[in-house]
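# Understanding the architecture of this molecule
Residue-level listing of the chains:
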Amino acid sequence: MDGRYERKKQQTNDALKRAFYELSDKGKNQLIKATDVCQKAGIARSTFYSHYECYEDFVKETADELIEDAKSALTGYGLLPAGNEADRNRIDLDYIYYVGMDGYLTFLRENQERFLAFISPAQNAYFISRYRELIKAAVAFTTHQSDEKKKLDPLFDQWVADAVMSTMFLWIRDESIDRTALMDLASRLRNLFASKSW
């Protein structure tokens, strides 16, 4: 009995989240509302509110799932630590920026619909805040900022994270952007941080 209820609950949650992402409509026009999600999923509002206290809880849970998937992808492509922090010194930065970054760009495109639901037409503040922290951690990891001499000024650190995040969002929104040019930009950014002069 419990197993069947849990499966049904999961199916309902999956249907709601699928509807939420489909309604993002590749970033065009509307802000998504609970009524729209329920109608698209073919689920009654009463059922929705038996699963979630409020619409904001649903959006937050959906955002958290995407953040966790992004974190797994960043880790899988070597852009976040997977294990022992001491392994940081053995990282091949060229590999990260020519293979790892390329892989993560593919992840972003494969999850375009999911990201667009949070970044366009209006940005979801909760998602943006969590994603910014994830990108800051990836920038710190891939530029060896664990060394005291390599730590960034907090304001500059924030600027770098915002610049990288904005570029990723541009990549998600605009399918005409040249992948090679974006990879070149990532490489130049890595070289800036890897140099001892900055």
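The following paragraphs examine the structure supplied in this document. This is a predicted model, so every value here is computed, not measured.

We now examine helix H7 (residues 125-142). Between its first and last C-alpha, H7 extends 26 Å over 18 residues, near the 26 Å set by a 1.5 Å rise per residue. Restricting attention to buried positions, one finds in H7 the residues Phe127, Ile128, Tyr131, Leu134, Ile135, Lys136, Ala138, Val139, Phe141 and Thr142. Backbone nitrogen of Tyr126 and a side-chain oxygen of the N-cap are separated by 3.2 Å at the start of H7; the cap is Asn124.

Overall, the coordinates contain 17 aromatic pairs when judged by the stated rule. Each ring, one from Phe48 and one from Phe58, has its centre 5.4 Å from the other, and the planes form 70°; the classification is edge-to-face. Here Phe48, found in helix H3 (residues 45-51), pairs with Phe58, found in helix H4 (residues 55-76); they are 10 residues apart in sequence, far enough to count as distant. Ring centres of Tyr55 and Phe58 lie 5.9 Å apart, and the angle between their planes is 35°; on these two criteria the pair is classed as tilted. Of this pair, Tyr55 and Phe58 are both found in helix H4, 3 residues apart, which corresponds to roughly one turn of the helix. The ring of Trp171 is capped by Arg109, whose NZ or CZ atom sits 3.7 Å from the centre of that ring.

Relative orientation of the contacting elements helix H1 (residues 2-22) and helix H6 (residues 112-119) amounts to 75°, with a least axis distance of 8 Å. Considering the angle they form, H1 stands roughly perpendicular to H6. Facing H1, whose interface residues are Phe20, Tyr21 and Glu22, H6 presents Glu113, Arg114, Ala117 and Phe118. Residues belonging to the contact of H1 with H6 are distributed by class as follows: 4 nonpolar, no polar and 3 charged.

Basis of the calculations
Residues numbered from 1 in each chain as written. Predicted model: local features only at pLDDT ≥ 70, side-chain atom pairs only at ≥ 80, totals over all residues. Heavy atoms only, no water. Helix = DSSP H or I, 4+ residues; strand = E, 2+ residues; numbered from the N terminus. Expected span 1.5 Å × (residues − 1). Buried < 20%, exposed > 50% of the residue type's maximum accessible area, 1.4 Å probe, protein only. Polar contact = N/O pair within 3.5 Å; in protein donor to acceptor, adjacent residues only side chain to side chain. Phe/Tyr/Trp six-rings, centres within 6.5 Å; stacked < 30°, edge-to-face > 60°. Lys NZ or Arg CZ within 6 Å of the ring centre and 35° of its normal. Axes fitted to C-alpha atoms, helices over the stretch in contact; angles between N-to-C directions. Parallel < 35°, antiparallel > 145°, perpendicular 65-115°, else oblique. Contact = heavy atoms within 4.5 Å. Nonpolar A, V, L, I, M, F, W, Y, C, P; charged D, E, K, R; others polar.

These figures capture arrangement, not role.
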